[in-house]
Amino acid sequence: MVNQAGKYAKLKSEEADEQPSSSSEVGRDVESQQKPLGEKTIGVAAQEFTRKTMVVIALTILTSSQGLLIAVSKQGGKFEYSVMSANCMVETTKCVISLLFLMRQWNTIGVTEDNTLVTTLNEIWVFPIPALLYLIKNLMQYVIFLYVDPPSYQVLKNLNIITTGILYRIFLKKKLNSIQWSALILLTLGCTTSQLNTQSDNVLSTPTMGLFLAIIIALLSGAAGVYTEMIIKKRPQRSINVQNFYLYSFGIAFNVMAIFMYDNSQVMEKGFFYGYSSITFIMIMNHALAGLAVSMVMKYANNITKVYSTSVAMLLTTLISIPLFGFELSLPFMLGSGVVTVAVFLHSQAKKK
């Protein structure tokens, strides 16, 4: 009995000695499991932030040079090439680039449910709507440069912040607080101030037609952007390359229809690429890359981020226009640009809160 009691006591003592060690091992195991998870989470967040930053920077640079390339591509104050064929080439380039990225994705991870081109009518029917809106807006971008210079165009383009805010409120049910609405009003005042011409009695130096076209383009841009973001984020796991392929395929179809309806005789007589120069091809590639960047911003950020980069692009365009076009910085333009910048900053801060 004594021996058995001694053995039992020894056993309990061994269990007691092992228990702290076991507990510490469990603690270390939990810590080792949690730490990589934390590091992984931070790594993913950093990767997403880097991706968004790079896309926004790329969009800003491409947008700032977009208007300049359109202006430079004019000869004798007019476009020698077919604007519609150039726009069709932009959509074709975007579609081809999206397909190449998609094929690379297939080779890397294989064909999955999220990156296959096989689709349903319920998914595909919404893509023609933004494609048509973008077609009209892109064609009007060429027309407006007959009335305004590149820096003025970049300022007027910021009107799409207002239209985007309004359309966000109407269609996506996203409310804007008082600071955000105040920022939008400041933006309107900034755009108006930048157009003041001290050398004339006119309040706006931009012709009425130029201002009218700017408003229409802003409405089309806001509507197309909001609708595109809505359908792209409707299925977030879907590959952006597949969604781009659908969107740009319809864009090609609409552009081909527009060529046959409005520019068929000249294209058939002179050829599809008549009047093209090296600047024209650079402009087409610029537009294509900018379109892809916009699509990625829609996927990983939102329309408001897009208009922030557009506002920064306005300032870059102004600086570049000084040596290229002899543009002189006027006090109204500088004040208006400053007000636009403050408005964008207030809007971003209000959104964070």
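Described in the following lines is the structure provided in the data block. None of these values were measured; they are calculated from a predicted model. (Residues numbered from 1 in each chain as written. Predicted model: local features only at pLDDT ≥ 70, side-chain atom pairs only at ≥ 80, totals over all residues. Heavy atoms only, no water.)

**Quick notes on the overall build of the chain**
Line of reasoning, step 1. The number of helices and strands found in the chain is 13 helices and zero strands.
Line of reasoning, step 2. When the elements of the chain are put in sequence order from the N terminus, they spell out α-α-α-α-α-α-α-α-α-α-α-α-α.
Line of reasoning, step 3. Counting over 353 residues, the chain shows a buried share of 44%.
Line of reasoning, step 4. Taking the intrachain contacts of the chain between residues at least 6 apart in sequence as the baseline, contacts between residues at least 24 apart amount to 86%.
Line of reasoning, step 5. Carbon and sulfur atoms make up 66% of the accessible area of the chain, which totals about 19,100 Å². (Helix = DSSP H or I, 4+ residues; strand = E, 2+ residues; numbered from the N terminus. Buried < 20%, exposed > 50% of the residue type's maximum accessible area, 1.4 Å probe, protein only. Contact = heavy atoms within 4.5 Å. Areas by Shrake-Rupley, 256 points an atom, 1.4 Å probe, with all protein chains shown as cover.)

**Digging into the nonpolar core**
Line of reasoning, step 1. Among the nonpolar cores identified, the biggest contains 54 residues, and Tyr-81, Ala-86, Tyr-142, Ile-144, Leu-187, Met-283 and Ile-284 are the most heavily contacted of them.
Line of reasoning, step 2. When near neighbours in sequence (up to four residues on either side) are disregarded, Ala-86 contacts Tyr-81, Tyr-142, Tyr-276, Met-283 and Ile-284. (Core = buried A, V, L, I, M, F, W, Y, C linked by side-chain atoms within 4.5 Å.)

**Quick look at helix α4 (residues 128–144)**
Line of reasoning, step 1. Under the 1.5 Å per step criterion, the end-to-end length of α4 is 25 Å for 17 residues, consistent within 8% with the ideal 24 Å.
Line of reasoning, step 2. Counted residue by residue, α4 has 13 buried out of 17 residues, so it is predominantly covered. (Expected span 1.5 Å × (residues − 1).)

**Here we look at the pattern of salt bridges**
Line of reasoning, step 1. Enumeration over the complete set of coordinates arrives at five salt bridges.
Line of reasoning, step 2. A salt bridge links Arg-235 to Glu-123, with the shortest nitrogen-to-oxygen separation between them at 3.6 Å. Remark: Glu-123 occurs in helix α3 (residues 121–124) and Arg-235 occurs in the loop between α8 (208–234) and α9 (240–262); sequence separation between them is 112 residues.
Line of reasoning, step 3. Arg-235 gets classed as partly exposed once you look at its relative accessible area, which sits at 24%.
Line of reasoning, step 4. Glu-123 gets classed as buried once you look at its relative accessible area, which sits at 15%.
Line of reasoning, step 5. The closest approach of N and O atoms between Glu-123 and Arg-238, which form a salt bridge, is 2.9 Å. Taken as a pair, Glu-123 in helix α3 and Arg-238 in the loop between α8 and α9 lie far apart in primary sequence, 115 residues in all.
Line of reasoning, step 6. Classification of Arg-238 as buried rests on a relative accessible area of 1%.
Line of reasoning, step 7. By sharing partners, the salt bridges in this structure join Asp-114, Glu-123, Arg-235 and Arg-238 into a single network. (Salt bridge = Lys/Arg side-chain N within 4 Å of Asp/Glu carboxyl O.)

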